[in-house]
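Fold and contact review
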Amino acid sequence: MGLREYFKIASQLDPNQYGKAYGLTTMIPVLPDRADALEARLESLDPLASPFGALRQAHCVRLLVIRDLVYQGAPQKPEHLNQPYLVFTASFDGELDRFLRDLAALPEAGEVFSCCKGYAAEPGAFVAWMRSHKKDNGYFLTPWPFKTVQDVQEALRVHEGFQGIVDEARGMSDAELQDKFRALMRP
Amino acid sequence: MSAVLDSERPRGRNTSGRARCLTMLTPIRPFWTPVVWLIMRSARYHTYFRDHSLQFKFIYYVRWAVFREFSAGEKKRYSYLFFESNFDIPWRQYIDAFAYVIPKDIRVIWGRGFSFPGPPPAEPLKRWIAMNSLEGGHYHSAYPQASVKMTLAAFEAHDRLLRLKREAAGLSPEQFRKAFDAAVADLQRHL
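Residues numbered from 1 in each chain as written. Chains lettered and ligands numbered in written order. Predicted model: local features only at pLDDT ≥ 70, side-chain atom pairs only at ≥ 80, totals over all residues. Heavy atoms only, no water.

**Here's the deal with the interface of chain B and chain A**
Tallying the contact residues gives 89 residues for chain B and 88 residues for chain A. Summing both sides of the interface, chain B and chain A together bury roughly 7900 Å²; the carbon and sulfur share of this comes to 59%. In terms of surface lost to chain A, no three residues of chain B exceed Arg44, Tyr61 and His138 of chain B, which account for 12% of the buried area on that side. Inspection of the chain B/chain A interface yields three salt bridges. With a shortest N-O distance of 3.9 Å, Asp181 of chain B and Arg170 of chain A are connected by a salt bridge. Where chain B touches chain A, the interface holds 50 residue pairs in polar contact (both at pLDDT 80 or more). (Contact = heavy atoms within 4.5 Å. Buried area = accessible area lost by both parts, 1.4 Å probe. Salt bridge = Lys/Arg side-chain N within 4 Å of Asp/Glu carboxyl O. Polar contact = N/O pair within 3.5 Å; in protein donor to acceptor, adjacent residues only side chain to side chain.)

**Some words on the environment of Leu191 of chain B**
Residues and elements named next belong to chain B. With respect to the helices and strands, Leu191 occurs in the segment after α8 (173-186). What makes Leu191 partly exposed here is its relative accessible area of 33%. As a C-alpha pair, Leu191 and Ala130 span 61 residues in sequence and 36 Å in three-dimensional space. (Helix = DSSP H or I, 4+ residues; strand = E, 2+ residues; numbered from the N terminus. Buried < 20%, exposed > 50% of the residue type's maximum accessible area, 1.4 Å probe, protein only.)

**Overview of the domain arrangement of chain B**
All names here are of chain B. Splitting chain B by domain gives domain 1 (6-134) and domain 2 (148-190). Listed per partner, the contact involves six residues of domain 1 and four residues of domain 2. At the boundary of domain 1 with domain 2, the tally comes to zero salt bridges. At the junction of domain 1 and domain 2, the tally comes to one residue pair in polar contact (both at pLDDT 80 or more). (Domains from an automatic or database assignment.)

**Quick notes on the nonpolar core**
Within the largest apolar cluster, 58 residues are counted, with the highest numbers of intra-cluster contacts made by Phe58, Trp64, Leu81, Tyr94 and Trp110 of chain B. Ranked by residues supplied to this core, first place goes to strand β3 (residues 59-71) of chain B with six residues. Look past the residues within four positions of Leu81 of chain B in its chain and what remains in contact with it is Met24, Leu25, Thr26, Ile28, Val36, Met40, Trp64, Ala65, Val66, Ile109 and Trp110 of chain B. If you look at the next biggest cluster of nonpolar residues, it comprises 33 residues, including Tyr22, Phe88, Phe99 and Ala109 of chain A. (Core = buried A, V, L, I, M, F, W, Y, C linked by side-chain atoms within 4.5 Å.)

**Some details on the packing of aromatic side chains**
In this structure the tally under the stated criterion is 35 aromatic pairs over all chains. Where Phe88 of chain A meets Phe113 of chain A, the ring centres are 5.4 Å apart and the plane angle is 80 degrees; that geometry is what we call edge-to-face. With a gap of 25 residues between them, Phe88 of chain A in strand β4 (residues 85-93) and Phe113 of chain A in helix α4 (residues 107-113) connect regions that are remote in the sequence. The residues Phe88 of chain A and Phe113 of chain A share a single accessibility class, namely buried. Three or more aromatic residues joined by ring pairs make a cluster, and in this case those are Phe52, Phe88, Phe113, Tyr119, Phe126 and Trp129 of chain A. Lying across the ring of Phe67 of chain B, Lys135 of chain A places its NZ or CZ 5.3 Å from the centre. (Phe/Tyr/Trp six-rings, centres within 6.5 Å; stacked < 30°, edge-to-face > 60°. Lys NZ or Arg CZ within 6 Å of the ring centre and 35° of its normal.)

**Digging into helix α4 (residues 91-101) of chain B**
Helical geometry: 3.6 residues make up each α-helical turn, so side chains three or four residues apart lie on a common side. Buried within α4 of chain B are the following residues: Tyr94, Ile95, Ala97, Phe98 and Ala99 of chain B. In this fold, the buried residues of α4 of chain B make contact with α3 (48-54), β3, β4 (74-87), α5 (103-110) and α6 (123-132) of chain B.

**Here we look at the sheet that holds strand β2 (residues 19-28) of chain B**
Strand order in the open sheet formed by five strands is β5(A)-β3(B)-β4(B)-β2(B)-β1(B), and the pairing between neighbours is antiparallel. On the outer flanks of this sheet lie β5 (139-141) of chain A together with β1 (15-16) of chain B, each paired with one strand and no other. As judged from the two bridges shared by β1 of chain B and β2 of chain B, these two strands associate in the antiparallel manner. Following the sheet pairing, Thr15 of chain B is matched in β2 of chain B by Arg20 of chain B. Most of the contacts of α5 of chain B go to β4 of chain B, to which it runs at about 155 degrees, and overall it touches β2, β3 and β4 of chain B. (Pairing = 2+ DSSP bridges. Axes fitted to C-alpha atoms, helices over the stretch in contact; angles between N-to-C directions.)

**Details of the environment of Ser50 of chain A**
Structurally, Ser50 of chain A is set in the loop between α2 (35-44) and β3 (58-66). Counting along the chain gives eleven residues from Ser50 of chain A to Val61 of chain A, while the straight-line C-alpha distance between them is 9.5 Å. If sequence neighbours within four positions are ignored, Ser50 of chain A has contacts with His138 and His140 of chain B.

**Let's talk about the sheet that holds strand β2 (residues 21-29) of chain A**
Two modes of strand pairing occur in sheets, parallel and antiparallel, and in both the strands are linked by backbone hydrogen bonds. Pairing within the open sheet is antiparallel, and its five strands lie in the order β1(A)-β2(A)-β4(A)-β3(A)-β5(B). With one partner strand each, in any of the chains shown, β1 (17-18) of chain A together with β5 (138-141) of chain B form the two edges of the open sheet. By the bridge criterion, four bridges tie β3 of chain A to β5 of chain B in an arrangement that is antiparallel. Along β5 of chain B, the bridge assignment pairs Leu63 of chain A with His138 of chain B.

Written as structure tokens, this is what we have:
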């Protein structure tokens, strides 16, 4: 990391920001009679065709239901949750409110979050509701704090395509090679 | 046959292609909470934790959060440390790496938790993590096909190829071939 990037990160006052990345951490009370249905719905979603893939700024998203706390043994005094919680975390690019508005617009978001107490479908109310359940991170970290999802995907596309050109380069004329490279590096 | 294949597709839980997610929520002893909080909040101003954590090229995103109030009206006796790591190797290898290479860091962050088995060795720590790992649910990664090493290599290659693109603007096909070969030589480690 260069000095410029270091100072950019060091000057960010929001502990959830790290460069262009934002780490959202939420704990949202689940309606007691909906916990089973919510858990089943989450586990039925295909991770390789996730509805949260429609959030173009999201690098990763995690949702799970917790029903109680894990007792560690003595000398801890046991304690329990009063209600189940949905843990919703996301690592994404840009601003929180924009992300939450995009999240609110997903049909599956309504399906999932309507199992939680106080859910509001209207985008502005949804943003405020989610913010009220946000927990600030102590520390949030990534090896590529200034790369967006599109930066990552474009780099991976070019890298893979270039390897293909390298494999075939010996059998191509110079002009074909140049054309292939131009096509790969399209604007 | 297709029904069988469909049933074998990974669904839910904490993996998405190469990416996987470890989530834990563990209590902190009361006197240690301010220390953990201070360590976390000061971490962005120095490179110690960053360099130690990211020396392992398998972490995409990682976070720690400390809180005592789960929701309005539900405040616990203890503060809890929420930990989430997104990474690309089997979690047992992940723990081995941390337990043997940076055991002091782990002891500082979790060491004042209850029943925490300070590493090394790694096996008791793995049992403790298995006990506290929050399973189930759903996990999404925007680039499940790519490991962290693949992604870092792709950034290096992309930067070099953008340079080649700029250089190649006015080159003849023959001159381009030479520039291309030079780029391939520069990128040997990343291909």
